[in-house]
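# Chains, contacts and geometry: an overview
Given next are the chains, with one letter for each unit.
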Number of protein chains: 2
Amino acid sequence: MTLNSADLLVTNGTVITMKPGEAPIYNGTLAIEKDKISAIGQSDEFSNWKTLRKINAGGGIVMPGLVNTHTHAAMTCFRGLADDLPLMTWLNDHIFPAESKLDYEKVYRGTLLACAEMIRNGTTCFCDMYLFEDAVAQAASKAGVRAVVGEVLYDFPSPNYGPIAQGFAYTKMLIDKWKNDPLITIAVEPHSPYLCAPELLKEALTLSQAHDIPMVVHISEAQSEVDEIKKRHGKTPVGFLADKGLLAANLVGCHCVVLTEADISLLKRHDTKVSHCPESNMKLASGIAPIPKLLKAGVCVGLGTDGCASNNNLDLFAEMETAAKLHKVSTLDPTVLDAATVLKMATLDGAKTLGLDDKIGSLEPGKSADIIIIDTRKPHLTPMYNPVSHLVYAARGSDVSTSIINGRLVMEDGRLLSLNLERVMGDVENIAEEIRSTNKKLRKVP
Amino acid sequence: MTLNSADLLVTNGTVITMKPGEAPIYNGTLAIEKDKISAIGQSDEFSNWKTLRKINAGGGIVMPGLVNTHTHAAMTCFRGLADDLPLMTWLNDHIFPAESKLDYEKVYRGTLLACAEMIRNGTTCFCDMYLFEDAVAQAASKAGVRAVVGEVLYDFPSPNYGPIAQGFAYTKMLIDKWKNDPLITIAVEPHSPYLCAPELLKEALTLSQAHDIPMVVHISEAQSEVDEIKKRHGKTPVGFLADKGLLAANLVGCHCVVLTEADISLLKRHDTKVSHCPESNMKLASGIAPIPKLLKAGVCVGLGTDGCASNNNLDLFAEMETAAKLHKVSTLDPTVLDAATVLKMATLDGAKTLGLDDKIGSLEPGKSADIIIIDTRKPHLTPMYNPVSHLVYAARGSDVSTSIINGRLVMEDGRLLSLNLERVMGDVENIAEEIRSTNKKLRKVP
């Protein structure tokens, strides 16, 4: 039987499928049936197809939605609250006091704003670590964004769940509650080796593997953290995790800035994934992760924005550009992290990092319809010799015109369809007003 | 006499004047009379003013237009032509062959596209070095963008003017032709110490000082260049220039990536200005300029994008963000290049770099009306605790809604008024098609 109908056809695009080895399809068309991609090809192959709806990509780029492998979405509430400070001043005087007043409602509203921003910037899937993660799952579901969400676990009591035993109970509740959701995957997310006892980490890994879901952990974000773990355990964070049997293929190590050659070998040996967050690492002066070495060793690396308080936006296009350029200058080699490699980090390898590459990350029949259209009819994208170069070195999140997630049109021609943008922004402005009123330092206008 | 009328009032903005020590004016208004700013204050002070026209900033940020201190505007024609290559392959196999086919018309069209892109990204003044610079001045004038333009001079014959003696004649022609133009300043622009004999450089400095205009030179962009000058002259490029009496307050050194402590002292002693182009330096893997040290020494530093072939866009907002973050990570100090410092580099210090700070770079009565409005009613700029932080860490060029240059409205609500955008883009697409047809490597779709 030959297909000849679809629910939706995206026509007249330069289709970058990200399927390994596949060249761009010029004047391509993509067919969507329910929540899945059903066919991809030259537009003329679809001339006789019946369809409920057509979206004309207008010669723009059609590609898989971007995958943000690490963020703390609700930190949109603290965007620009404090910058340019020593790490401990920033955390202790600004971020921790603000976070201590968070609740379910604020996390829900902050995450809705993050979802609005991410949809507009072409992100269709994000991995979140924060407090009140049921609110994050609710917000992502409402916004229509795919998400991997996990409640942060650590040794001390949490403002959400209280003592750690209840943290595990809360995580199990999330796993059960969201197990059949088409957009939400629950992950187990112990904060880091420096805030979690080995027993906590072990229990987390066991839980994640029992449910075949990711475990997400901050690893080796800065030298101070490595020093602390060495003091406690006599090893680097990666060495310590390996020693305890905690490195695994379902483990996502966020940051991985300070690594030894031995650490890199261990990550590769256990097929542990890495979430690279260059802009946050730069802004907090944490250091430059050895991404070219990780890639050379064969470690799977995805891209992440980290939270808005250390970035300060959630634009993976900017993150791609920064990643490509940062590693060139840090290695003094203009050939490392070429555009195609970086684009793969932000799509297929991001999906692989989160264990979702059977479902998303590339445009292939049978995969979920998570698709974005980039409007290339703009001065800064003219002329176009190479669409992949433009996506990494010239485009911005604001060039994304249309986004489809799991077959649902969530943005069309720049208009957000799944959320009331004015209300979402207004709600977070109200939260900001409350934060201002309780922080004398903020009263002084900068 | 109290002022009570204006040609144009920009109302209801958060006005960041960039006048040293001045706090943001919330709900501020700015008055424009002909080509100049005539008054700035709280909006209620203007309630009785008569005006020909009002522009409501809608609560957005009103600030001086950004100053791009170094670019090769017409290289828009080569945007994304070749990336991720070793420097010599990139230059010899791609850029030089494409440049050898340039002419007046192509430079004019390429520069118009650059002007369209820069206006849309909030740049109101740029400093250009390239071939056929009369075309650049014509294009900037047509687009209504302020520009400092200078024909590139070097020892070997130029496709434009032929032998170097005619290069000086051409520069003098430009100085004479454009001397009364309100937007155009001519500069003398010998390429670099490695492509220019000391006599050429000396003659250029004399000419620039006779006319009280800037001299713009590439200096110490990469280690290989420093090695070459050391071999020829036994000194670093800056040391060599000092030795020959060529460091001066009207000299703009572009890049200045590889500098010794002694070089930094020399630049400071002679009040030589520096144009910092971090994204280009990263993409070409040239190195990281010691900007925190230059600033500490008191050297005036402006920001530049460099040309589109090594960036690949002309967005100074992205450049600000990259500059702030790059130097934090390279020094492992999160407090260096804070947002206010970087914003000054992109405005007032950029103007000072080009010798135009008596006229532009800050919003003050009597200065030229070069003003941009940033629309902050967007998810990625919500909430707003600190407008300066947002401009550097969260905003993008695409957030600029309106631009006024020398009192002329060149963009309003994202609509370019001074150029026919479709025609400008179409003209460069035609140039790209010609380049494609003569370069076999480009036929193979990437």
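Keep in mind that what you see is a predicted model, and the values were worked out from it rather than measured.

### Some words on the overall build of chain A
Scanning chain A from N- to C-terminus turns up 16 helices and 18 strands. Its C-alpha atoms give chain A a radius of gyration of 21 Å, near enough to 22 Å, the size a compact globule of 446 residues would have. Dimensions of chain A along its principal axes, counting C-alpha atoms only, are 65 × 50 × 45 Å. In chain A, which comprises 446 residues, the proportion classed as buried is 61%. Pairs at least 24 residues apart make up 73% of the contacts formed inside chain A by residues separated by at least 6 positions.

### A short note on the relation of the copies chain B and chain A
Between the two copies, chain B and chain A, the superposition gives an RMSD of 0.0 Å; the rotation angle is 180 degrees and the shift along the axis is 0.0 Å. The operation mapping one copy onto its partner corresponds to a two-fold rotation axis. Within chain B, the C-alpha atom positioned nearest to the axis of rotation is that of Ser398(B), 3.4 Å from it.

### Examining the interface of chain B and chain A
Between chain B and chain A, the residue contacts involve 60 residues of the former and 60 residues of the latter. Contributing elements (two or more residues each) for the side of chain B that touches chain A: helix H2 (104-120), helix H9 (278-283), helix H11 (316-331), helix H14 (387-393) and helix H15 (421-437) of chain B. Among the elements that make up the side of chain B that touches chain A, the one with the highest residue count is H11(B) (six residues). The residue makeup of the side of chain B that touches chain A, split by class, is 33 nonpolar, 13 polar and 14 charged.

### A word on the domain arrangement of chain A
Residue and element names in this part refer to chain A. According to the domain assignment, chain A consists of domain 1 (5-64 + 367-416) and domain 2 (66-353). Distance from the C-alpha centre of domain 1 to the C-alpha centre of domain 2: 29 Å. Contact with domain 1, which involves 21 residues of that partner, is made by 25 residues of domain 2. Among the secondary structure elements, those contributing two or more residues to the side of domain 1 that touches domain 2 are helix H14 (387-393), strand E16 (400-405) and strand E17 (408-412).

### Description of the packing of H2(B) against helix H3 (residues 133-143) of chain B
All names here are of chain B. At a minimum axis distance of 8 Å, the contact between H2 and H3 shows a crossing angle of 40 degrees. Here H2 is positioned oblique relative to H3, judged by the angle of their axes. Between H2 and H3 lies a crossing whose hand is right-handed. Each of Tyr104, Val107, Tyr108, Thr111, Leu112, Cys115, Ala116 and Ile119 in H2 lies in contact with H3, whose residues at this interface are Ala135, Val136, Gln138, Ala139, Ala140, Lys142 and Ala143. Its residues assigned to classes, the contact of H2 with H3 shows twelve nonpolar, two polar and one charged.

### A short note on the packing of helix H11 (residues 316-331) of chain A against helix H12 (residues 339-346) of chain A
Residue and element names in this part refer to chain A. One way to put it is that H11 packs onto H12 with a least axis distance of 10 Å and a crossing angle of 140 degrees. Accordingly, the angle class assigned to the pair H11 and H12 is oblique. Remark: the crossing between H11 and H12 carries right-handed chirality. Between H11, through Leu316, Met320, Ala323 and Ala324, and H12, the contact on the second element is made entirely by Ala339, Val342, Leu343, Met345 and Ala346.

### Let's talk about the confidence of the model for chain A
Interpreting fine coordinate detail is not advised for predicted regions of low pLDDT. The predicted model of chain A averages 96 in pLDDT, with 98% of residues at 70 or higher. Scored by ipTM, the complex comes to 0.96, with pTM at 0.97.

### Here's the deal with the sheet that holds strand E14 (residues 301-303) of chain A
Residue and element names in this part refer to chain A. Pairing is parallel in the open sheet, where four strands are placed in the order E11-E12-E13-E14. The strands lining the two open edges of the sheet, one partner per strand, are strand E11 (215-219) and E14. Within this sheet the neighbouring strands show an average axis-to-axis angle of 30 degrees, counted without direction. Across three bridges, strand E12 (residues 251-255) lies against strand E13 (residues 273-276) in parallel orientation. Its bridge partner being in E13, Val252 is matched across the sheet by Lys273.

Conventions adopted
- Residues numbered from 1 in each chain as written.
- Chains lettered and ligands numbered in written order.
- Predicted model: local features only at pLDDT ≥ 70, side-chain atom pairs only at ≥ 80, totals over all residues.
- Helix = DSSP H or I, 4+ residues; strand = E, 2+ residues; numbered from the N terminus.
- Rg over C-alpha atoms; globule rule 2.2 N^0.38 Å.
- Buried ≥ 20, exposed ≤ 12 C-beta atoms within 10 Å, placed from the backbone.
- Contact = placed C-beta atoms within 7 Å.
- Least-squares fit on C-alpha atoms with pLDDT ≥ 70 in both.
- Nonpolar A, V, L, I, M, F, W, Y, C, P; charged D, E, K, R; others polar.
- Domains from an automatic or database assignment.
- Axes fitted to C-alpha atoms, helices over the stretch in contact; angles between N-to-C directions.
- Parallel < 35°, antiparallel > 145°, perpendicular 65-115°, else oblique.
- Left-handed = near helix turned anticlockwise from the far one by under 90°.
- pLDDT = per-residue confidence, 0-100.
- Pairing = 2+ DSSP bridges.

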